[in-house]
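Spelled out, the chains give:
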Amino acid sequence: MAKAVSFFMVISLIAFAPICFCSKSNYYGYLYPQFYDWSCPQAKEIVKSVVAKAVAREARMAASLLRLHFHDCFVKGCDASLLLDSSGTLVSEKISNTNRNSARGFEVIDEIKSALEKECPQTVSCADILALAARDSTVLVGGPNWEVPLGRRDSRDASLSGSNNNIPAPNNTFNTILTKFKLKGLDLVDLVALSGSHTIGNARCTSFRQRLYNQSGNNLPDYTLDQSYAAQLRTRCPKSGGDQNLFVMDFVSPTKFDNNYFKNLLASRGLFNSDQVLVTKNQATLELVKLYAENNEIFFEQFAKSIVKMGNISPLTGYRGEIRKNCRMMNY
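Residues numbered from 1 in each chain as written. Predicted model: local features only at pLDDT ≥ 70, side-chain atom pairs only at ≥ 80, totals over all residues. Heavy atoms only, no water.

Under the annotation held in an unreviewed UniProt entry, the protein chain carries the name Peroxidase and is attributed to Nicotiana tabacum. Its UniProt record gives the protein chain a comment under Catalytic activity (unreviewed entry), which states: "2 a phenolic donor + H2O2 = 2 a phenolic radical donor + 2 H2O". Of the protein chain, the UniProt comment under Subcellular location (unreviewed entry) reads exactly: "Secreted". (UniProt positions renumbered as here; feature names shortened; annotations may be inferred.)

Structure (C-alpha cells):
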C-alpha cells in the first residue's frame, strides 16, 4: 500500500511539473496566459494601466503600440529585437526603411518596463510587454479582447536586413505580401484579418504617394483608388515635399477599432496599395473583405485568433535569450 501511494505521488509530481516549474524559466518552450501568475501577479494590470494613460494622452498611440508588436514579430520572431538601440556592433531595427521616422511608442514601453522592474525585477520580458500592450491598446479603442500567451524571452541581437526585407511594405504587390506572411507561418485569412489593424492610426504621405501620381506625371491616380478620395489626399500630399504629412488610415472612424477599414476597401478608398490589393488581386481575399465588412463580430473573432498566431512566431523560451532590465539594451 505504501509503495502504491508513493508511486501515485511520483506520477502526480511528474504530471504537474510543467505548471509548477515552467513559470520561471519556461523550460518546456510553450507560451501560456498564466505565465506570470506566480512570479509577477500584477504584471498584466501594470501594463494595462500604463497603456491606458498613454492612449488617453494620445489616441494615436493605440495604433503605434499595436504596430510595434507586428513589426517585432515579422523580424526574427516575437523577441523584442525591435526595441534595441544601436550600440557597438549592433545596428538597430529602428533605422530600417519600414521603421525610420515611423515606428513610435518606445517611450511607453520604457515606462511599462520601469514600472515592472520596480514590482518584479528582471521577470517580465520586453517581448511579452509588446504583446500585452498590443492587446490592451486594441481593447481601449473598441477592438476585440484576447488572452495573450506569455513566456517569451528577449533577443540579444537585431536584424536590420530582416526589418528592411521581411515586413510587408505599403507598396508591395499582393504576391509579395502573401509570401512574407507565409514565410512566418501565417496564411491568407491571417493576412486579411491582421490588415484590419489599419482601421486605426496614421500614415505618412511618402508611404502612399505613388498611388496619387503616375509615372507620366499627369496627376492621374492609381485606377484602383477612388478619384475624389485621391484628389482630397493630393491637397496635402504633393508630388514632392510634405513627406511626413500625416493622414488617417480610416477616414470614417480613425480612432475606433472597427470594420470600417473593410468597407473603405470596397469603396476603393484603401490608403495603401497593400490594402487595396486585397480586393483587386485575389478572389479569396475579396470575399473575406466582404465578410468582415458585413460582420464586425466575425472580423473581431478572426483578428483575435490571427494576432495570437502571429504572437507565436519563433519566440525565445527556456534558456534562450534573456530578460532585459532595459528594453533598449542587452544585459551586460
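Let's pick the thread back up.
A.B. asks: I keep staring at the UniProt feature "binding site: substrate" (unreviewed entry) in the protein chain and nothing clicks. Help me out?
C.D. replies: With numbering matched to this structure, UniProt assigns "binding site: substrate" (unreviewed entry) to Pro168. If you trace the backbone, Pro168 turns up in the loop between helix H6 (160-166) and helix H7 (174-182). When neighbours within four sequence positions are excluded, Pro168 is seen to be in contact with Phe70, Phe74, Ile177, Lys180 and Phe181. (Helix = DSSP H or I, 4+ residues; strand = E, 2+ residues; numbered from the N terminus. Contact = heavy atoms within 4.5 Å.)

A.B. asks: Could you clarify how one ought to interpret the packing of helix H8 (residues 188-195) against helix H13 (residues 296-310) in this entry?
C.D. replies: The description of two helices packed together rests on the angle between their axes and the distance between the axes. Contact pair H8 / H13: the axes reach a minimum separation of 8 Å and the direction vectors enclose 110 degrees. Overall, the two elements H8 and H13 adopt an arrangement that is roughly perpendicular. Where H8 crosses over H13, the two elements pack in a sense that is left-handed. Across the interface between the two elements, Val189, Asp190, Ala193 and Leu194 from H8 touch Phe299, Gln302, Phe303, Ser306, Ile307, Lys309 and Met310 from H13. (Axes fitted to C-alpha atoms, helices over the stretch in contact; angles between N-to-C directions. Parallel < 35°, antiparallel > 145°, perpendicular 65-115°, else oblique. Left-handed = near helix turned anticlockwise from the far one by under 90°.)

A.B. asks: Whenever I open this one, the layout of surface pockets confuses me. Can you help?
C.D. replies: One way to see where empty space is left: roll a probe the size of a water molecule over the atoms. Estimated volume of the largest pocket: approximately 1,100 Å³. Residue lining of the largest pocket: 43 residues in total, with Arg67, His71, Pro170, His198 and Phe272 positioned closest to the centre. Of all elements in the fold, only helix H3 (61-73), H7, H8, strand S1 (202-204), helix H11 (273-280) and H13 reach the threshold of two or more residues within the lining of the largest pocket. Here the residues of the lining of the largest pocket are counted per class, giving 20 nonpolar, 17 polar and six charged. (1 Å grid on protein atoms, 1.4 Å probe; cavity = no way out; pocket = protein on both sides within 12 Å on 5 of 7 lines; lining within 4 Å. Points joined across faces, edges and corners; volume = space filled by probe spheres on them. Nonpolar A, V, L, I, M, F, W, Y, C, P; charged D, E, K, R; others polar.)

A.B. asks: Quick question: what am I supposed to make of the packing of H11 against helix H12 (residues 283-294) here?
C.D. replies: H12 packs onto H11 with a crossing angle of 100 degrees between their chain directions and a minimal axis gap of 6 Å. As the angle between them shows, H11 and H12 are arranged roughly perpendicular. Between H11, through Val277, Leu278 and Val279, and H12, the contact on the second element is made entirely by Thr285, Leu286 and Val289.

A.B. asks: Would you explain the environment of Gln34 in this entry?
C.D. replies: With respect to the secondary-structure elements, Gln34 resides in the loop between helix H1 (2-25) and helix H2 (43-57). Sequence separation between Gln34 and Val148 is 114 residues; the distance between their C-alpha atoms is 9.1 Å.

A.B. asks: Would you take a moment to explain the state of the cysteines for this structure?
C.D. replies: In protein structure, a disulfide is the covalent linkage between the sulfur atoms of two cysteines. According to the stated counting rule, one finds four disulfides in the structure shown. With its sulfur 2.1 Å from that of its partner, Cys126 forms a disulfide with Cys327. Disulfide Cys126 to Cys327: torsion about the S-S bond roughly -100 degrees, handedness left-handed. Highlighted residues: Cys126 in helix H5 (residues 126-140) and Cys327 in the segment after H13, separated in sequence by 201 residues. As far as burial versus exposure is concerned, Cys126 and Cys327 are alike and both buried. (Disulfide = S-S within 2.5 Å. Buried < 20%, exposed > 50% of the residue type's maximum accessible area, 1.4 Å probe, protein only.)

A.B. asks: Explain H3 here, please?
C.D. replies: Because each turn of an α-helix spans 3.6 residues, side chains separated by three or four positions end up pointing in the same direction. Between its terminal C-alpha atoms H3 stretches 19 Å, which fits the 18 Å expected from 13 residues at 1.5 Å a residue. Counted residue by residue, H3 has twelve buried out of 13 residues, so it is predominantly covered. Of the positions making up H3, those classed as buried are Met61, Ala62, Ala63, Ser64, Leu65, Leu66, Leu68, His69, Phe70, His71, Asp72 and Cys73. The elements touched by buried residues of H3 are H2, helix H4 (106-119), H5, H7 and H13. (Expected span 1.5 Å × (residues − 1).)

A.B. asks: What is the right way to read the nonpolar core from this model?
C.D. replies: Nonpolar side chains in soluble globular proteins tend to end up buried together. Counting residues in each nonpolar core, the largest one holds 77 residues, and the members touching the most others are Ile109, Ile112, Leu116 and Met310. Aside from chain neighbours lying at most four places away, what touches Met310 is His69, Phe70, Cys73, Phe74, Cys78, Leu186 and Leu194. Ala203, Leu233, Cys237 and Phe272 belong to the second largest nonpolar core, which has 14 residues in total. (Core = buried A, V, L, I, M, F, W, Y, C linked by side-chain atoms within 4.5 Å.)

A.B. asks: I keep staring at unusual backbone geometry and nothing clicks. Help me out?
C.D. replies: Leaving glycine aside, a negative phi is the common case for residues, and trans is the common case for peptide bonds. Of note, the phi angle at Ala80 is positive, near 65 degrees, even though the residue is not glycine. Summarising the element assignment, Ala80 is placed in the loop between H3 and H4. With a relative accessible area of 0%, Ala80 lands in the buried category. Phi at Asn101 takes a positive value of approximately 60 degrees, unusual for a residue other than glycine. Along the chain, Asn101 falls in the loop between H3 and H4.

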